[in-house]
Amino acid sequence: MLLSEPLQFATPVKGVSAFNLTRGDADSNPYGEINLCDYTGDNVIHVVTCRAMLCEHLRIPIDHLVMPRQTHGNRVAVIDHDFIQLSFDERSERLQGIDALITPLAGVCIGVNTADCVPIVIADPATGLIAVAHAGWKGTVSRIATQVVQRMVQLGANPANMQAAMGVSICNRCFEVGDEVVEQFRTNGFDLRRIMHRNRNTHKAHINLQKANLLTLHETGIPLANITIANRCSRCNPHRYFSARRLGINSGRTFTAIIRRP
Ligand SMILES: [Zn+2]
């Protein structure tokens with residue numbers, strides 16, 4: 001059964017809705033029940049069936065559902081009329097190594113697949129542009145959020161008007177990292193006092209990925225009052241959301257998406 005949960009902006013944007021899917025009736029199968037991601041080992045028939053269910057739910061044709069082949073990078077692709085016209089193979093090639101999408105098109109659902117990483121959706125009310133990004137720790141360190149906002153600005157949007165929301169992802173308490181990860185944040189200019197703490201018992205470092213992305217989004221000019229964080233942890237709720245830290249990387253992914261209606 002396809003269940004979606006709304007992802008709320010601080011101020012609703014007319015015609016725009018964002019959401020994430022839940023696992024549905026999750027069982028011991030690491031891909032069960034609902035998984036749209038086709039590159040983490042799931043059966044392709046299952047993936048295609050789940051995608052078709054979502055398109056039926058959204059009442060859009062299957063070629064209006066677009067998700068990238070993510071690689072923890074910071075490259076952004078714009079989904080326009082020309083892209084929609086491409087063949088399946090051409091589309092796949094364009095989506096390879098992409099971790100964020102932007103579209104000016106109404107009726108096109110763009111989304112990312114995550115299991116602990118932070119999904120970010122952004123909408124600009126004036127231009128109608130919408131965006132989605134996948135920010136794991138690598139994407140966060142390389143400031144994928146900045147790449148998305150700057151590209152939206154090139155397309156005519158203004159950060160001061162944008163609304164941003166972060167969806168289901170690993171919480172601060174669950175996200176224990178090695179000191180080499182902390183070092184990456186430090187050398188890339190993040191203020192560790194604001195995004196890191198050490199567990200008193202284990203002395204292991206913990207990074208707050210949502211806070212790191214919040215600071216990045218704010219640096220780009222989006223007001224803090226326009227940024228929300230969903231208080232839902234994937235690792236704390238593995239029966240509701242996919243969590244790579246619970247299920248291993250050979251598991252399903254939680255789909256987080258945004259769509260603007262005509
Ligand atoms: Zn947690």
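Residues numbered from 1 in each chain as written. Predicted model: local features only at pLDDT ≥ 70, side-chain atom pairs only at ≥ 80, totals over all residues. Heavy atoms only, no water.

**Structural notes on unusual backbone geometry**
So the rule is basically this: Helix and strand definitions here come from DSSP, where helices need a minimum of 4 consecutive H or I residues and strands a minimum of 2 consecutive E residues; each element is numbered from the N-terminal end. Per-residue accessibility, obtained with a 1.4 Å probe over protein chains only, is compared with the maximum for each type, and a residue is labelled buried under 20%, exposed over 50%, and partly exposed between these values.
Of note, the bond from G32 into E33 is cis; its omega dihedral lies within 30 degrees of zero at -5 degrees. On the secondary structure map, E33 appears in the loop between β2 (16-21) and α1 (44-58). The backbone phi angle of D116 is positive, close to 105 degrees, even though this residue is not glycine. Structurally, D116 is set in the loop between β6 (109-114) and β7 (118-123). With relative accessibility at 8%, the residue D116 sits in the buried group.

**Topic: helix α8 (residues 209-219)**
We apply this condition: Whenever two N or O atoms come within 3.5 Å, that pair is a polar contact, provided that in protein one can donate a hydrogen and the other can accept it, and provided that, for residues adjacent in sequence, both atoms are side-chain atoms.
Across the 11 residues of α8, 8 count as buried, placing the element largely inside the fold. Of all the residues in α8, the buried ones are L209, Q210, A212, N213, L214, L215, T216 and L217. For α8, the side-chain oxygen to backbone nitrogen distance between the N-cap and Q210 is 3.3 Å, and the N-cap itself is N208. Of the residues trailing α8, G221 is marked for its positive phi of about 115 degrees.

**Some points on the coordination of the zinc ion**
Note on metal sites: the ideal angle is 109.5 degrees for four tetrahedral donors, and 90 or 180 degrees for six octahedral donors. Applicable threshold: Metal-coordinating donors are taken as N, O and S atoms lying within 2.8 Å of the metal, or within 3.2 Å when the metal is Na, K or Ca; because water is left out, some sites can appear incomplete. Every geometry call rests on angle ranges, with four donors termed tetrahedral when all angles are between 85 and 135 degrees, four termed square planar and six termed octahedral when opposite donors are over 155 degrees apart and all others are between 65 and 115, and everything else termed irregular.
The zinc ion binds to the protein through C171 (SG), C174 (SG), C233 (SG) and C236 (SG), with metal-donor distances spanning 2.3 to 2.4 Å. In this structure, the zinc ion is coordinated by 4 donor atoms arranged in tetrahedral fashion, with angles at the metal of 103 to 120 degrees. Mapping the donors of the zinc ion onto the primary sequence yields the spacing C-x2-C-x58-C-x2-C. Of the two residues, C174 sits in the loop between β9 (163-166) and β10 (176-177) while C236 sits in the loop between β13 (227-229) and α9 (244-247), which places them 62 residues apart along the sequence. Look at C236 and you get partly exposed, because its relative accessible area is 40%.

**Examining the nonpolar core**
Rules: Throughout, nonpolar core names a set of buried Ala, Val, Leu, Ile, Met, Phe, Trp, Tyr and Cys residues whose side chains join them through atoms within 4.5 Å.
Within the largest apolar cluster, 41 residues are counted, with the highest numbers of intra-cluster contacts made by I120, I122, V148, M152, F185, I195 and L217. The next biggest cluster of nonpolar side chains, apart from the first, holds 25 residues, and it includes V66, L101, V121 and A165.

**Looking at the pattern of salt bridges**
The line we're drawing: We define a salt bridge as a contact between a side-chain nitrogen of Lys or Arg and a carboxyl oxygen of Asp or Glu at a distance within 4 Å.
Counting across every chain of the model gives 7 salt bridges. Notably, a salt bridge pairs E5 with R240, separated by 2.8 Å at the nearest N-O pair. Residue E5 is located in strand β1 (residues 4-6), and its partner R240 is located in the loop between β13 and α9; the two are separated by 235 residues in the primary sequence. The closest approach of N and O atoms between R198 and D179, which form a salt bridge, is 3.1 Å. Of the two residues, R198 sits in strand β11 (residues 196-198) while D179 sits in helix α6 (residues 179-187), which places them 19 residues apart along the sequence. What you see here is one network of salt bridges that share partners, running through E5, R232 and R240.

**Some words on the pairing of β2**
Remark: a regular strand shows side chains that alternate across the two faces of the sheet. The condition that has to hold: In this scheme, strands are said to pair when DSSP sees at least two bridges between them.
Counting buried residues in β2 gives 5 out of 6 residues, a clear majority hidden from the surface. Pairing between β1 and β2: 3 bridges, direction antiparallel. Counted as the bridge partner of S4 is L21 from β2.

**Looking at the pairing of β7**
Of all 6 residues making up β7, 6 are buried, and the element is well covered by its neighbours. Where burial is concerned, the two faces of β7 agree: the one with V118, I120 and I122 and the one with P119, V121 and A123 are both buried. Pairing between β7 and strand β8 (residues 130-135): 6 bridges, direction antiparallel. Its bridge partner lying in β8, I120 is registered against A133. If you look at the hairpin formed by β7 and β8, you'll find 6 residues sitting between the two strands, and G128 has a positive phi there, around 80 degrees. Sheet topology note: the β7/β9 ladder contains 4 bridges and is antiparallel. Considered in β9, the bridge of V121 is made with A165.

**Focus: the environment of F88**
You can see F88 is positioned in helix α3 (residues 88-95). Residues F88 and D63, 25 residues apart in the sequence, show an inter-C-alpha distance of 8.9 Å.

**Digging into the sheet that holds β2**
Taking strand neighbours across the sheet as the criterion, the 5 strands line up as β1-β2-β14-β6-β3 in an open arrangement whose pairing is mixed. Every other strand in the sheet has two partners, leaving β1 and β3 (65-66) as the edge strands with one partner each. Taken together, the 5 bridges between β6 and strand β14 (residues 254-260) define a ladder with antiparallel strand orientation. What sits directly across from N113, in β14, is F255.

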